[in-house]
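Secondary and tertiary structure notes
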Amino acid sequence: YRTSRKTSLNLDVAHTLRNYADTGVTVQTERARAQWVHAYNPNLAFGIFAGGAHQAGSAAATGECSHGGGGLIGLLQWGPRISVTASGAVNGADGWCGKQVQFTGDLSIYLRATRATDFYLTANRDLGDGVIQNAAFLSSAGAGVRHHFTPRTSLHLSAAAFHSNDFGTDATHTGVFGESA
């Protein structure tokens, strides 16, 4: 299957809804993306994508934020142990987003250390989906480890940090959190 399919076209549509009961604010985010990726060999693929997003319902300070644009995506795998996926886009944005041009993207690195242990690193910048109620864009980074004790039993530990600016009030939001499962 992997060698017979060298080019793919992906169409993605998503909707996120987050409600803050204490303030009565509901934040909705809609996204659409078309992506074309071509595998040059089993370990290397590049492509282009175009898409847009709209976030509404934030507090009056930020209003609604819409952006649309395009960019590049790359996937690289070094043998069975390491893989890297990166994408970046330049977007035209409306005034509620804070700036006319917004850069978005993500990066993920996966490392299989042993047959039972995996490590991963992630970074992302895009619309905040209401994670921070009054912020349009959210930047985040994370790291984690997963260890399999048996084929059906594993332990996941992860930590992440986020940063965002509220363009309506110039407030900065920063935080760190961890998780285990």
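As a starting point, this report considers the structure included with it.

About the cut-offs
Residues numbered from 1 in each chain as written. Predicted model: local features only at pLDDT ≥ 70, side-chain atom pairs only at ≥ 80, totals over all residues. Heavy atoms only, no water. Helix = DSSP H or I, 4+ residues; strand = E, 2+ residues; numbered from the N terminus. Buried < 20%, exposed > 50% of the residue type's maximum accessible area, 1.4 Å probe, protein only. Areas by Shrake-Rupley, 256 points an atom, 1.4 Å probe, with all protein chains shown as cover. Pairing = 2+ DSSP bridges. Axes fitted to C-alpha atoms, helices over the stretch in contact; angles between N-to-C directions. Phe/Tyr/Trp six-rings, centres within 6.5 Å; stacked < 30°, edge-to-face > 60°. Lys NZ or Arg CZ within 6 Å of the ring centre and 35° of its normal. Salt bridge = Lys/Arg side-chain N within 4 Å of Asp/Glu carboxyl O. Polar contact = N/O pair within 3.5 Å; in protein donor to acceptor, adjacent residues only side chain to side chain. Core = buried A, V, L, I, M, F, W, Y, C linked by side-chain atoms within 4.5 Å.

A few points about the overall build of the chain
Across its full length, the chain holds zero helices and 10 strands. Order of helices (α) and strands (β) in the chain, N terminus to C terminus: β-β-β-β-β-β-β-β-β-β. Residues classed as buried in the chain amount to 28% of the 181 residues present. On the chain, roughly 10,700 Å² of surface is accessible, and the fraction owed to carbon and sulfur atoms is 61%.

Let's talk about the pairing of strand E6 (residues 101-112)
With 11 bridges connecting them, strand E5 (residues 82-93) and E6 associate as antiparallel partners. When the sheet's bridge partners are listed, Asn-91 is paired in E6 with Gln-102. Counted between consecutive antiparallel strands, the loop separating E6 from strand E7 (residues 117-127) contains four residues.

Focus on the sheet that holds strand E3 (residues 44-56)
Taken in spatial order, the 10 strands make up an open sheet running E1-E2-E3-E4-E5-E6-E7-E8-E9-E10, and their pairing is antiparallel. Looking at strand neighbours, the two that pair on one side only are strand E1 (7-20) and strand E10 (171-180), the edges of this open sheet. Going across the sheet, the axis of each strand differs from the next one's by a mean of 15°, ignoring polarity. Where strand E9 (residues 153-166) meets E10, 10 bridges bridge the pair, whose relative direction is antiparallel.

Observations concerning the packing of aromatic side chains
Summed over the entire model, instances satisfying the criterion amount to one aromatic pair. Measuring from ring centre to ring centre gives 6.3 Å for Tyr-40 and Phe-46, while their planes differ by 55°; the resulting arrangement is tilted. Here Arg-33 stacks its cationic end above the ring of Phe-49, 3.7 Å away from the centre of that ring.

Quick look at the pattern of salt bridges
For the coordinates displayed, the defined rule picks out two salt bridges. Of the charged contacts, one joins Arg-31 and Asp-126 as a salt bridge, the two residues approaching to 3.0 Å between their closest N and O atoms. In this pair, Arg-31 sits in strand E2 (residues 25-41) while Asp-126 sits in strand E7, placing the two residues 95 residues apart along the sequence. Residue Asp-118 is joined to Arg-146 by a salt bridge in which the shortest nitrogen-to-oxygen separation is 2.4 Å. Here Asp-118 is found in strand E7, whereas its partner Arg-146 is found in strand E8 (residues 137-150), with 28 residues between them in sequence.

Describing the side chain of Thr-104
Here Thr-104 is to be found in strand E6. On the accessibility criterion, Thr-104 (12% relative accessible area) is buried. A distance of 2.9 Å separates a polar atom in the side chain of Thr-104 from a polar atom in the side chain of Asn-91.

Details of the nonpolar core
Of all hydrophobic cores here, the largest spans seven residues; its members are Ala-53, Cys-65, Ala-93, Cys-97, Leu-127, Ala-136 and Phe-137. One finds Val-37, Ala-45, Ile-73 and Ala-89 within the second-largest nonpolar core, a separate group that totals five residues.

Notes on the environment of Thr-29
Overall, Thr-29 belongs to the buried group, its relative accessible area being 0%. In the structure, Thr-29 is positioned 99 residues away from Gly-128 in sequence and 8.6 Å away in space, judged by C-alpha atoms. Polar side-chain contacts of Thr-29 include one of 3.2 Å to the side chain of Gln-55.

Focus on the pairing of E1
Where a strand is regular, its side chains alternate between the two sheet faces. As paired elements, E1 and E2 share 14 bridges and run antiparallel to each other. Paired with Thr-7 across the two strands is His-38, which belongs to E2. Count of turn residues in the E1/E2 antiparallel hairpin: four residues, of which Gly-24 carries a positive phi of about 75°.

Any functional reading would require information beyond the geometric quantities listed.
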